[in-house]
Amino acid sequence: MAPDRTGGRPHPGAGTAGPAGTARAAVPPSPFPLPPSGTEPDGTAVVRVLGYNIRSMRDDTAALARVIRACAPDLVCVQEAPRFFRWRKHAARLARESGLVVVTGGATAAGPLLLSSLRVHVESTEDVLLPRTPGLHQRGLATAVVRVGGARLAVASCHLSLSAPERLRQAEALLAHSAATGVPHTVVAGDINERPGGRSWRRLAGELQDAYAVRPWGGEYTSTARNPHQRIDGVFAGPGIEVLGCGVPVGLPGVTGADLEAASDHRPVLAALRVPPFPR
């Protein structure tokens, strides 16, 4: 399994995965294209959300920026953003090279970071530090309330614990924070450190839609980038949001296998979501 660069190894959870070290056949092109961003006449917004563990930008940052740009996201939920020396400078550089802007997060959220396109209007932001178990790494959430077209949604980037009991508590805290915003539509993306059969993943998917499971598109496995054999990263959408497609952007124009392998030790997850307009 892929090492979590904040320390330790990801919990395998449950679910099906190919054996580590086994090469997989190339993923065939998806049977349908992922819809582009757009706003419909009634204000409904088609929003592209990208979740990406970027391993503190320790790898090929040019490849990383190329992958992000090719995905043409409205929102990027980053995990393992730079957190130490000149971390704000590194976050700004990633945003600039990806054609995006920094919304919130980074060291102040213990790693999660939010980026957005200029299409997104940011209403409010909050970086949340989650309760920490002594001896384990501090975890947090980068969160914002945004408007896209006529839609209004709460978005959160998360990177959950390697410890199963702490991870479940963090999933509960994430759901509670999203509910407390009072915003009817919610999107969460992150490194869950667990496969879909695990308790924390099932807890999230019990309240939110596991976007890949609802409408799979592209590739499934996110870890490792060079030997993808397990799905431990996901995008989750709240009730009322229509999932138009979600998966690893394999075969997306501009995304090459070489860049996916060079950019990070995880592969990203891209979702297209149709979000209804916010009542006025």
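Before reading on, note that the structure itself is shown above.
Counting restarts for each chain: residues are numbered from 1 in the order of the written sequence. Local features in a predicted model are, by the rule used here, given only for residues with pLDDT of at least 70; side-chain atom pairs are given and counted only at 80 or more, and totals for whole chains, interfaces and linings are based on all residues. For side-chain calculations, the full set of non-hydrogen atoms in the structure is used, while hydrogens and water are omitted.

> Tell me about the side chain of Arg-48, residues and numbers included.
Every helix listed is a DSSP run of H or I at least four residues long, and every strand listed is a run of E at least two residues long, numbered separately from the N terminus. Positionally, Arg-48 belongs in strand E2 (residues 45–53). Here the side chain of Arg-48 touches Leu-34 through a polar contact of 3.1 Å, landing on its backbone oxygen. In what follows, residue pairs with any heavy atoms lying within 4.5 Å of each other are defined as contacts. In contact with Arg-48, not counting residues within four places along its chain, are Leu-34, Pro-35, Pro-36, Ser-37, Cys-71, Ala-72, Pro-73, Asp-74, Leu-75, Leu-270, Ala-271 and Ala-272. Polar contacts, as counted here, are pairs of nitrogen or oxygen atoms within 3.5 Å of one another; within protein the pair requires one atom able to donate a hydrogen and one able to accept it, and residues that are adjacent in sequence qualify only if both atoms are side-chain atoms.

> Talk me through the pattern of salt bridges; I want residue IDs and the actual numbers.
Put simply, a salt bridge is a Lys or Arg side-chain nitrogen that is within 4 Å of an Asp or Glu carboxyl oxygen. Summed over all chains, the structure comprises 13 salt bridges. The network of salt bridges with common partners includes Glu-40, Glu-242 and Arg-274.

> Any chance you could break down the sheet that holds strand E7 (residues 140–148) for me, citing the residues and the numbers?
Here the rule is simple: two strands pair whenever DSSP picks up at least two bridges between them. Pairing is mixed in the open sheet, where 6 strands are placed in the order E6-E7-E8-E9-E11-E10. In the strand order of this sheet, the two ends are held by strand E6 (121–129) and strand E10 (209–210), each with one partner. When strand E8 (residues 151–159) meets strand E9 (residues 186–191), the two strands line up parallel, connected through 6 bridges. Each bridged residue has a counterpart across the sheet, and for Ser-157 the counterpart in E9 is Ala-189. Axis definition: a line fit to C-alpha positions, over the contact stretch in the case of helices; interaxial angles, taken between N-to-C directions, run 0 to 180 degrees. Along the sheet, helix H3 (residues 164–180) makes contact with E6, E7, E8 and E9, crossing E9 at roughly 155 degrees. This element, helix H4 (residues 199–207), spans E10 and strand E11 (233–237) of the sheet and lies at about 25 degrees to E11.

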